[in-house]
Amino acid sequence: VSFGLAGSLIGNVFPLVDRYLGFKPKKKSRELSAVVRLLGGVMGVNYAISRLQWMDHSQATGAITLLSLGLWFIFDRTLHGFGVSVLFALVGTAFGVVLVSHGLYTFASPDFLGIRAWFPCVLFLSAVCFGAIGRLMTDYSVHKDGKSQKKA
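All residue numbers here refer to positions counted from 1 along the written sequence of the relevant chain. Local features in this predicted model are restricted to residues whose pLDDT is 70 or higher, and side-chain atom pairs enter the listing and the counts only when it is 80 or higher, whereas totals over whole chains, interfaces and linings include all residues. Hydrogens and waters are ignored; side-chain quantities use all the structure's heavy atoms.

> Whenever I open this one, the overall build of the protein confuses me. Can you help?
Here a strand is any run of E in DSSP of at least two residues, a helix any run of H or I of at least four, and the numbering for each starts at the N terminus. For the protein, the count of helices and strands is 5 helices and 2 strands. Along its sequence from the N terminus, the protein presents helices and strands in the succession α-α-α-α-α-β-β. A sequence separation of at least 24 residues applies to 67% of the contacts in the protein between residues at least 6 apart. Summed over all atoms, the accessible surface of the protein reaches about 9,600 Å², with 69% contributed by carbon and sulfur. For this analysis, residues touch if any pair of their heavy atoms sits within 4.5 Å. Each accessible area is a Shrake-Rupley estimate made with a 1.4 Å probe; only the visible protein chains count as cover when residues are assessed.

> Would you take a moment to explain helix α1 (residues 2-21) for this structure?
Every α-helical turn comprises 3.6 residues, leaving residues that sit three or four positions apart pointing alike. Under the convention used throughout, the expected extent of a helix is 1.5 Å for every residue step, that is, one less than its residue count. Taking 1.5 Å per residue as the helical rise, α1 with its 20 residues ought to reach 28 Å, and the 28 Å between its terminal C-alpha atoms agrees with that figure. Burial classes follow relative accessibility: with a 1.4 Å probe on protein chains only, a residue under 20% of its type's maximum area counts as buried, one over 50% as exposed, and anything between as partly exposed. Looking at α1, one finds that the buried residues are A6, G7, I10, G11, F14, P15 and D18. For α1, the arc enclosing every buried residue in end-on projection is 160°, short of the 170-degree limit, so these residues lie on one face. Residues of α1 that are exposed and angled more than 90 degrees away from the buried face: L5, L9, N12, R19 and Y20. In this fold, the buried residues of α1 make contact with α4 (79-101) and α5 (119-138). Immediately beyond the C-terminal end of α1, within one or two residues, lies G22, with a positive phi of roughly 70°. The arc in question is traced by the directions running from the helix axis to the C-beta atoms.

> Looking at this structure, how should I read the pattern of salt bridges?
Where charged atoms from two side chains of opposite charge approach closely, those side chains can pair. The term salt bridge refers to a side-chain nitrogen of Lys or Arg lying within 4 Å of a carboxyl oxygen of Asp or Glu. Tallied over the full model, the rule gives 3 salt bridges. In this structure, R135 engages D18 in a salt bridge whose closest nitrogen and oxygen atoms are separated by 2.6 Å. Here the residue R135 occupies a position in helix α5, and D18 occupies one in helix α1, the gap between them amounting to 117 residues. Overall, the relative accessible area of 4% leaves D18 in the buried class. Where R135 meets D76, a salt bridge forms, and the shortest distance between an N and an O atom there is 3.0 Å.

Here you go:
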């Protein structure tokens with residue numbers, strides 16, 4: 001439940017920050033196909049985390065970090081999007097550490113502070129993904145007849 005609420009929150013924060021800074025995302029980044037490609041990339045990174053056999057944890061963390069930054073560069077490229085994603089990763093990691101320290105959650109083989117080293121990278125990538133979804137959803141408006149129509 002907490003991750004779903006965090007996803008909804010971050011999906012709403014990106015468009016609010018865009019509006020506050022007067023930033024208009026590029027049309028390409030607001031297309032459904034771009035968001036679907038990003039979702040595929042996120043699922044691919046998550047699959048790689050769970051299925052590939054790494055020699056040690058630092059290899060996995062380094063690869064996931066580079067993949068996360070690469071997907072941010074391909075699909076977002078905004079400094080405030082980077083900042084919001086880093087902030088979400090830091091807050092989410094702190095929340096994870098609190099859950100682990102109180103015994104409410106455990107990782108199979110923790111690296112530091114009871115969590116895996118790749119955990120902040122996955123949160124960063126999740127923020128980029130939910131931010132793209134939030135931007136896409138704010139680009140559409142629903143009229144009285146219930147039909148969805150794209151804003152000009």
